[in-house]
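# Overview (structure and organization)
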Amino acid sequence: MPMTGNKNRGHNSSSQVLPTLLILCCLLQCQSRPHSYDSKPLSEISREVSKYSNIAQQIINLAVYGKAQNRSYERLAEFTDTIGNRVSGSKNLDLAIKYMYNALRQDGLENVHLEPVKIPHWVRGEESAVMLLPRNHTLAILGLGSSVGTPPGGIEAEVIVVDAFEELRKRASEAKGKIVVYNQPFVSYGETVAYRASGASEAAKVGAIASLIRSVTPFSINSPHTGWQWYQPEVVQIPTACITIEDAQMMARMAHRGQRIVVRLTMAAQTLPDVDSFNTVAEITGSEHPEQVVLLSGHLDSWDVGQGAMDDGGGVAISWEALSLIRDLGLRPKRTLRTVLWSAEEPGGVGAAQYFQQHKANISNFDLVMESDLGTFSPLGLQFTGSDKARAIMKEVMKLLAAINVTSLEEHGEGTDINMWMKAGVPGASLHTADQRYFWFHHSDGDTMSVQNPEEMNLCSAVWAVVAYVVADLEEMLPR
């Protein structure tokens, strides 16, 4: 936690002005200090980075071919098989945090500790949906995070099926007292997820009593995909759940034929008071600038279905493995390598947002923030956000991964848990993998260890470790 000034309690306000001004001036100077990389020609930086080729190859050999081969996969399998899924606020998430804390300590990493946060506690409860007309059919559903429940006996109502928000608005007079079914096509996750996030409130605005959203996925084997949703202020809160692509399309066909559709929806979902939790931290302390940090991360919470192996067990495993690889080789970079396993990412990056508030006073010492949260499939490269000069340096770093053909540096680092750092000017990177199947399994019962591949995780671990180590050991921090 940041210092709260208790040492000055009881002094008059004038005695605090000078120290406060001095601290502010120091912070501003640190944040705007010139980097020698700003004036160095790229050819000189390229030569500096190329000197790490032997170390990069050592890391690759250990991760992909050596004693650490398959270690990240095996660690992840044992973790997910032992704990299972671990939704925000649950006992399973508590167990997961304790498990990881002990595992990181037993692995011999440094400064392993827990940093307290408050997180949401939503409970799914029993839930069901049955189509009563035009025939009896049980719908596969998953309530959406933060949804309210139905009355104890459920609700039974006629259905209106729409393909888009625009159609809902045009047919607003038909929706009052009905259940809105959204049959929106999957365009991309970034675009289509709006229906999951806002579908309930948009339906409530036109008088609907519940909403059922076609799962946000391009592929289905009758599999519902859950996720968090947000109620808009001053709008009635109605129950909401996701249904399968197959059922959404079936009801759309029935509606097109003019058939009357009636559904009975029962949900015991409830939101309980926020609970105490922790972000889990482990480090390799820097040899020359221990106060400066390269941060690697993944989120420890998952949804309450499947095992959370892909989302985001894989990101957790490689962020741990990267430190283990560097430690195993006896390497210690100039700056501190810090792995953070976030709590409560799924409800909107809750644990990471509190971490940012706790550490932003030292923002000038954060060199690079990294997050893996889009799968640990075969790596293609990194997505990066930063200055042009920082991008040029990162391109040189990526050349060190030519041996495993992972040299691409793309635009726009991604990650709910690191976005606030990037918006504040800290360079950020996310792992880009061959993730075409990611949303097949995302937030569903299909997110299990069967999705994971040990060889692909070896490669992801190597990429994560090489990039983190080299950036942490360069003569200067990445320019902003």
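Residues numbered from 1 in each chain as written. Predicted model: local features only at pLDDT ≥ 70, side-chain atom pairs only at ≥ 80, totals over all residues. Heavy atoms only, no water.

What follows concerns the packing of helix α4 (residues 71–83) against helix α15 (residues 454–473). For any two helices packed against each other, the geometry is given by the interaxial angle and the distance between the axes. Look at α4 against α15: their axes get within 7 Å of each other, and the N-to-C directions meet at 115°. Relative to α15, the element α4 lies roughly perpendicular. Across from Arg 71, Ser 72, Tyr 73 and Leu 76 in α4, the residues of α15 making contact are Pro 454, Met 457, Asn 458 and Ser 461. (Axes fitted to C-alpha atoms, helices over the stretch in contact; angles between N-to-C directions. Helix = DSSP H or I, 4+ residues; strand = E, 2+ residues; numbered from the N terminus. Parallel < 35°, antiparallel > 145°, perpendicular 65-115°, else oblique. Contact = heavy atoms within 4.5 Å.)

Let's shift gears to the confidence of the model for the protein. In the predicted model, the protein carries a mean pLDDT of 93, and 92% of its residues have values of at least 70. Segment residues 1–35 is flagged for pLDDT under 50; beyond a separation of four residues in sequence, or across chains, it makes 17 contacts in the model. (pLDDT = per-residue confidence, 0-100.)

All right, on to the pattern of salt bridges then. This structure, assessed with the given rule, holds 24 salt bridges. The salt bridge involving Lys 205 is made with Glu 202; its shortest N-O contact spans 3.0 Å. Remark: Glu 202 and Lys 205 occur in helix α8 (residues 189–205); sequence separation between them is 3 residues, near one turn of the helix. Accessibility expressed as a relative area gives 16% for Glu 202, which makes it buried. (Salt bridge = Lys/Arg side-chain N within 4 Å of Asp/Glu carboxyl O. Buried < 20%, exposed > 50% of the residue type's maximum accessible area, 1.4 Å probe, protein only.)

Taken together, the 8 strands give an open sheet; going across it, the order is β1-β10-β12-β11-β13-β16-β14-β15, and neighbouring strands pair in mixed fashion. The open sheet has two free edges, formed respectively by β1 (110–123) and β15 (408–411), since each of these has just one partner strand. On average, each strand axis in the sheet is tilted by 25° relative to the strand beside it, whichever way the strands run. Looking at chain direction, strand β13 (residues 366–371) and strand β16 (residues 428–433) are connected through 3 bridges and run parallel. Within β16, the position partnered with Val 369 by the bridge is Gly 428. (Pairing = 2+ DSSP bridges.)

In spatial order, the strands read β3-β2-β9-β5-β6-β7-β8-β4; together these 8 strands make up an open sheet with mixed pairing. Where the open sheet ends on each side, the last strands, each with one partner, are β3 (137–139) and β4 (141–143). Each strand axis lies, on average, 30° off the axis of its neighbour in the sheet, ignoring direction. As paired elements, strand β6 (residues 179–182) and strand β7 (residues 210–214) share 4 bridges and run parallel to each other. Pairing of Tyr 182 across the sheet is with Ile 213, part of β7. Packed onto the sheet, helix α9 (residues 245–256) meets β2 (127–133), β3, β5 (155–162), β6, β7, β8 (240–243) and β9 (262–267) and runs at close to 130° relative to β3.

A word on the pairing of strand β10 (residues 270–284). Pairing geometry for β1 and β10, over 11 bridges, is antiparallel. Within the sheet, the bridge partner assigned to Glu 115 lies in β10 and is Asn 279. Bridge analysis of β10 against strand β12 (residues 335–342) gives 5 bridges, and the strand direction is antiparallel. If you follow Ile 284 over to β12, its bridge partner there is Leu 337.

The subject of this paragraph is the UniProt feature "domain: Peptidase M28" (unreviewed entry) in the protein. Those places that UniProt annotates as "domain: Peptidase M28" (unreviewed entry) correspond, in this numbering, to residues 279–466. Each end of residues 279–466 is marked by a C-alpha atom, and these two atoms are 24 Å apart; helix forms 34% of the span and strand 26%. (UniProt positions renumbered as here; feature names shortened; annotations may be inferred.)

For Leu 380, the location among the structural elements is in strand β14 (residues 379–385). Given a relative accessible area of 36%, Leu 380 falls into the partly exposed group. Measuring from C-alpha to C-alpha, the distance between Leu 380 and Asn 405 comes to 7.7 Å, with 25 residues separating the pair along the chain. With residues near it in sequence (within four places) discarded, Leu 380 still touches Val 406, Thr 407, Ser 408, His 432, Thr 433 and Ala 434.

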